[in-house]
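Each chain, written out:
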Amino acid sequence: MPSAMKNILAICLMLIALQSQSQSIADKYPIVPKPQSLTPKAGNFKLSAATVIVLDNEGEVPAANFLNDYLSRFYGFTLKLAKKASKNFIRLSVKHLLVPGVDGKYDMQVAPAAINISGDDYQGAFYGVQTLLQLLPTKKIATANIPCVDIMDEPRFKYRGLHLDVARHFMPVDFIKKYIDYIACYKLNTFHWHLTDDQGWRIEIKKYPRLTSVGGWRDGTIAGHYPGTSNDNIDYGGFYTQQEVKEIVQYAKERFVTIIPEIEMPGHASAAIAAHPELSCFPTETTVIPGIASEASKKKAGKKVQETWGVFEDVFAPTEYTFNFLENVIDEVVALFPATYIHIGGDECPKEAWKRSAFCQQLIKEKGLKDEHGLQSYFIQRMEKYINSKGKKIIGWDEILEGGLAPNATVMSWRGEEGGIAAAKQGHDVIMTPGSHCYLDHSQSKNEDSVTIGGYLPIETVYSYDPVPAVLTAGEAKHILGAQGNVWTEYMKTPGKVEYMLFPRLAALSEMLWTKKENKGWDDFEKRLPVVFERLDMESVNYSTTYYDLKAEVKRTHKNNGVIWKMSTKREMVTYKITTPKIIPKGTIGKYIIAMPDFQKDPLGGLGIFMDTVIVDTLEENIRKIFYDDSVFINETGTYSATGIYCGRRKVGTIEQFFSFNKATGKKITLTNLASKSYPGDGAFTLVNGIQNDKGLARSAEFLGFSETDCEAVIDLGKMDTVNKVMVHSLEQQGSWIYIPKSIEVYTSSDGNDFTPQSIFEANERKPGNNVFTISLPAVPCRFIKVKITNHGKIGGGKPGAGNPSWLFVDEIEVW
Ligand code: TNX
């Protein structure tokens, strides 16, 4: 074996040895969410088929069943239940049958002879079992050593929620049960089941069978991002029968999970309206399907279930017919769900239809309401009264604050924290679910790895969230019941995709909800994360590995003669293999890693093999240069690729990047004024780093964003040269307030002080997306080039964001 390769392997082995020596608490007790107190003890409890479970009373049966079910699925044995045992037992007990305060407190002692789990209540004992399961090995073995420990644990928040939208995409009953298991394993206690929306009504209502026979089905679904590249024209739908709902509610109950059903009103109502057009302000108007509608729906007049995403104008009319209908629906829903809360939605209700409707305008006058927001408030308050009369409380999205909050409502704050803060200040209970930290439909990766709704929510950001806003007084903070992760399924067609979006972020969410602030910390959490992945592997749960992805940075060089492409990853013991497009010329002698078609010869499992000294003549031509290093110097145009190889075995992702070189690439560049803090890129260097953004906002880090200012850059070519043209890359996306520049001015200089104006370019031709503007110069000799890219200014009337300052997004300046 070549010596360099030997060294790499030796280092890997050494690192593994070092790691196992210093087995930390996090490694030995990889419990998520982290318990409030954990005292390691010496020794192990040996769990095997010979171990018995001792129960205090009947109330412990669900916890014991869960334990046995888990053991049988992943370890291939179950434990007998016994009334008494003297050794080798797990005892489940409760301290009180009814305890006031926070539910779910427990303590657990693992000793060599026995494990004692004692809950303050049954829920506590159940959570003790969840903790125990996380101490089991992540491989199937007949006897598991469980390290001895004393744990005392209780939750920080009493509302620990996870939501699932089954309207945009329907999820089968079996998966709903799995989802409830995930909720329970991570010690969450609430499943918010979003059952109705524009794209489907998913719960059987006996009095209105059309809700599911008509409202449960759509003629097609858009493909790709809204507004869609096509429509699949597939009849799509499904719903849960009341029998199935009952079964699911019972399943959840045995796992101490409360299900809060959501019946959306007055907006997001297209499916209900398709079933019962009288619910609309304009029952005879045909539904507008924005984007690409299916062939079937193009041929149909009348009301339709939506096939695309977003917000739709056709909403419930606040008529007696509608209230009567909704009350009847609520009657059946209340009978199915024992939860105290019913979620009535309330979000994103456009007011256009109410503005157009004579009936609504008359009602506003009659009831002395201020406007349509007042009408929304009237709608919600009226439904609240009815729901309260059934002994239940309502939860609504933060829009229910508009026009005045219903007296007993709990608010779910999703458009940031403001709604939650306002509600808490008014003395209302609040559940925090801000998009910035809790929207698990956002992408986990900056390089979007599958189609998602957009945004970027890495696991670190979920973890960092504190649901109690600092601006609240202690009294107001008591109204923050907890927080919730939301899983909207516009871009999740299958259970596998839901799992992928959920994991590993659910682990971070659970610690944010359960673990007291003072016991929580990212560094420690990160140490427990590898075992979370191993357990998900064992359980065959799909998850995202973006946490371990290679991250690439482009750095300047001291000599300004090229760029450095540098890789890193969260995983230790990674070797990097970077392939450059450069072909090694025949006859070259040197130290190279040469691509070889023979896998066997490469102990790193990749395609490369290191040769100390090679005369390339003896090999075939077309050999690319490969570096086993974390960085590579680049000064030529081409596509480069990097792969991380985890301890010589597994890949941790591949990144491919096209670098485009011109006279300015890698050169010294300064900006007269900095870009906005929201879009700082990597400073001025971003404009000459050789990476031309072709992915638009999906790679927003590649842009410098300027608001109310221009982008003025001076590039130093390092020596006198002749310049024929300058090219400026900028983005246009008017929907996001991003406009192409008004003009581009180019100046040249030989000393960096005296600049001569060369050309002014009025940028008025453009296309949406990335634009490249070319400014030709008459072969000017110079060393310094100043480029002034002027901001479009205020957004004009009739455009999204009219009257606001526009954004200027620049990603690269080329000099030729
Ligand atoms: C907003 S969050 C919505 C949902 C969408 C979601 C997508 C909320 C109350 N309404 O209807 O699915 O954004 O992220």
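Quick caveat: nothing in here was measured; it's all calculated off a predicted structure.

**Q** A description of empty space enclosed by the protein should follow, citing residues and the corresponding values.
**A** Following the criterion strictly, the structure yields one cavity of 30 Å³ or more and no others. Only strand S10 (196-197) and helix H8 (270-275) provide two or more residues apiece to the lining of the largest cavity. Taken together, the residues of the lining of the largest cavity sort by class into five nonpolar, two polar and two charged.

**Q** Which residues make up the sheet that holds strand S22 (residues 551-556), and what values go with them?
**A** Strand order in the open sheet made by the three strands is S22-S23-S28, with antiparallel pairing throughout. Either end of the sheet is taken by a strand with one partner, and the two such strands are S22 and strand S28 (631-634). On average, each strand axis in the sheet is inclined to that of its neighbour by 25°, with strand direction left out of account. For strand S23 (residues 563-568) and S28, the ladder comprises four bridges, and the chain directions are antiparallel. Opposite Ile564, over in S28, you have Phe633 as the bridge partner.

**Q** For the confidence of the model for the chain, give the residues involved together with the corresponding values.
**A** Looking at the chain, the pLDDT average stands at 90 and 90% of residues meet or exceed 70. Contacts from residues 1-6, a stretch scored under 50 in pLDDT, to residues over four places away or in other chains number eight contacts. Low pLDDT, under 50, characterises residues 614-620; the predicted model gives this stretch 15 contacts beyond four residues in sequence or across chains.

**Q** Describe in detail the site of the ligand, supporting the description with residues and values.
**A** For the ligand, the full set of nearby residues is Arg168, His268, Asp347, Glu348, Trp397, Trp414, Tyr439, Asp441, Ile453, Trp488 and Glu490. Asp441 places a polar side-chain atom, nitrogen or oxygen, 2.7 Å from an oxygen atom of the ligand. When the ligand sits alone it has 360 Å² of accessible area, and the protein chains cover 92% of it. Residues of the shell around the ligand, tallied by class, amount to five nonpolar, one polar and five charged.

**Q** Now, about the pattern of salt bridges: what can you tell me, with residues and values included?
**A** According to the stated counting rule, one finds 33 salt bridges in the structure shown. Between Asp120 and Lys95 there is a salt bridge; the shortest N-O distance is 3.7 Å. You can see Asp120 sitting in the loop between strand S6 (114-119) and helix H4 (122-133) and its partner Lys95 sitting in the loop between strand S4 (89-94) and strand S5 (106-110), a full 25 residues away along the chain. Overall, the relative accessible area of 15% leaves Asp120 in the buried class. In this structure Lys95 comes out as partly exposed when scored by relative accessible area, which is 41%. When the shortest N-O distance is used, the salt bridge between Lys425 and Glu476 registers 3.5 Å.

**Q** Please provide a residue-by-residue account of the sheet that holds strand S21 (residues 480-485), values included.
**A** As summarised here, the arrangement of the eight strands in space is S8-S9-S16-S17-S18-S19-S20-S21, forming a closed barrel in which the pairing is parallel. Across the sheet, the mean angle separating the axes of adjacent strands is 30° when strand polarity is ignored. Sheet topology places strand S9 (residues 190-194) next to strand S16 (residues 258-265); five bridges connect them, and they run parallel. Along S16, the bridge assignment pairs Thr190 with Thr258.

**Q** Can you tell me about the packing of aromatic side chains, naming the residues and giving the values?
**A** Given two aromatic rings, one states the distance between the centres and the angle between the planes to describe the pair. Under the criterion given, the structure shown has 36 aromatic pairs. On the numbers, 4.8 Å between centres and 55° between planes, the contact of Trp193 with Tyr240 is tilted. A residue pair is termed long-range when its members are at least 10 positions apart, and Trp193 in strand S9 and Tyr240 in the loop between strand S15 (236-237) and helix H7 (242-253) qualify at 47 residues. On the basis of relative accessibility, which here comes to 0%, the residue Tyr240 falls in the buried class. Among the aromatic side chains, those forming a connected cluster through ring pairs are Phe170, Phe175, Tyr179, Phe191, Trp193, Tyr240 and Phe337. Here the guanidinium or amino end of Lys187 rests over the ring plane of Trp514, the centre of that ring lying 5.8 Å away. Above the ring of Tyr251, the side-chain terminus of Arg255 is found at 3.6 Å from the ring centroid.

**Q** I'd like a description of unusual backbone geometry, backed by residues and values.
**A** Look at the link from Val32 to Pro33: it is a cis peptide, with omega at 0°. You can see Pro33 is positioned in the loop between helix H2 (25-28) and strand S1 (37-47). With an omega of -15°, the peptide bond between Met265 and Pro266 qualifies as cis. With respect to the helices and strands, Pro266 occurs in the loop between S16 and H8. One non-glycine residue with positive phi stands out, namely Lys187, at about 60°. Counting through the fold element by element, Lys187 comes out in the loop between helix H5 (173-185) and S9.

**Q** Now, about the pairing of strand S34 (residues 711-732): what can you tell me, with residues and values included?
**A** As paired strands, strand S31 (residues 668-671) and S34 are joined by four bridges and run antiparallel to one another. Within the sheet, the bridge partner assigned to Ile669 lies in S34 and is Ile715. Summarising the sheet, S34 and strand S37 (residues 769-789) pair through 17 bridges and their orientation is antiparallel. From the neighbouring strand, Met727 faces S37, where its bridge partner is Thr774.

**Q** Give me the lowdown on helix H14 (residues 418-425), citing residues and values where you can.
**A** For H14, every residue scored as buried is listed here: Gly419, Gly420, Ile421, Ala423 and Ala424. At its buried positions, H14 is contacted by strand S19 (410-413), strand S20 (430-432), helix H17 (474-477) and S21. With its phi angle positive at about 85°, Gly427 sits one or two positions after the end of H14.

**Q** Give me the lowdown on the packing of H5 against helix H18 (residues 495-502), citing residues and values where you can.
**A** Running from N to C, H5 and H18 point in directions that differ by 15°, and their axes come no closer than 11 Å. Taken together, the axis directions place H5 and H18 in an arrangement best described as roughly parallel. The two elements H5 and H18 cross, and the hand of that crossing is right-handed. Of H18, the residues touching H5 (which contributes Phe175, Lys178, Tyr179 and Tyr182) are Pro495, Val498, Glu499 and Leu502. In terms of residue class, the contact of H5 with H18 is made up of six nonpolar, no polar and two charged.

**Q** Before we move on, can you summarise the side chain of Asn689 with the specific residues and values?
**A** Residue position: Asn689 is located in the loop between strand S32 (681-684) and strand S33 (704-707). Reaching out from Asn689, the side chain makes a polar contact with the backbone nitrogen of Ile691 at a distance of 3.0 Å. When near neighbours in sequence (up to four residues on either side) are disregarded, Asn689 contacts Val554, Val563, Phe659, Thr665, Glu702 and Glu812.

Conventions we followed
Residues numbered from 1 in each chain as written. Predicted model: local features only at pLDDT ≥ 70, side-chain atom pairs only at ≥ 80, totals over all residues. Heavy atoms only, no water. 1 Å grid on protein atoms, 1.4 Å probe; cavity = no way out; pocket = protein on both sides within 12 Å on 5 of 7 lines; lining within 4 Å. Points joined across faces, edges and corners; volume = space filled by probe spheres on them. Helix = DSSP H or I, 4+ residues; strand = E, 2+ residues; numbered from the N terminus. Nonpolar A, V, L, I, M, F, W, Y, C, P; charged D, E, K, R; others polar. Pairing = 2+ DSSP bridges. Axes fitted to C-alpha atoms, helices over the stretch in contact; angles between N-to-C directions. pLDDT = per-residue confidence, 0-100. Contact = heavy atoms within 4.5 Å. Near = heavy atom within 4 Å. Polar contact = N/O pair within 3.5 Å; in protein donor to acceptor, adjacent residues only side chain to side chain. Areas by Shrake-Rupley, 256 points an atom, 1.4 Å probe, with all protein chains shown as cover. Salt bridge = Lys/Arg side-chain N within 4 Å of Asp/Glu carboxyl O. Buried < 20%, exposed > 50% of the residue type's maximum accessible area, 1.4 Å probe, protein only. Phe/Tyr/Trp six-rings, centres within 6.5 Å; stacked < 30°, edge-to-face > 60°. Lys NZ or Arg CZ within 6 Å of the ring centre and 35° of its normal. Parallel < 35°, antiparallel > 145°, perpendicular 65-115°, else oblique. Left-handed = near helix turned anticlockwise from the far one by under 90°.

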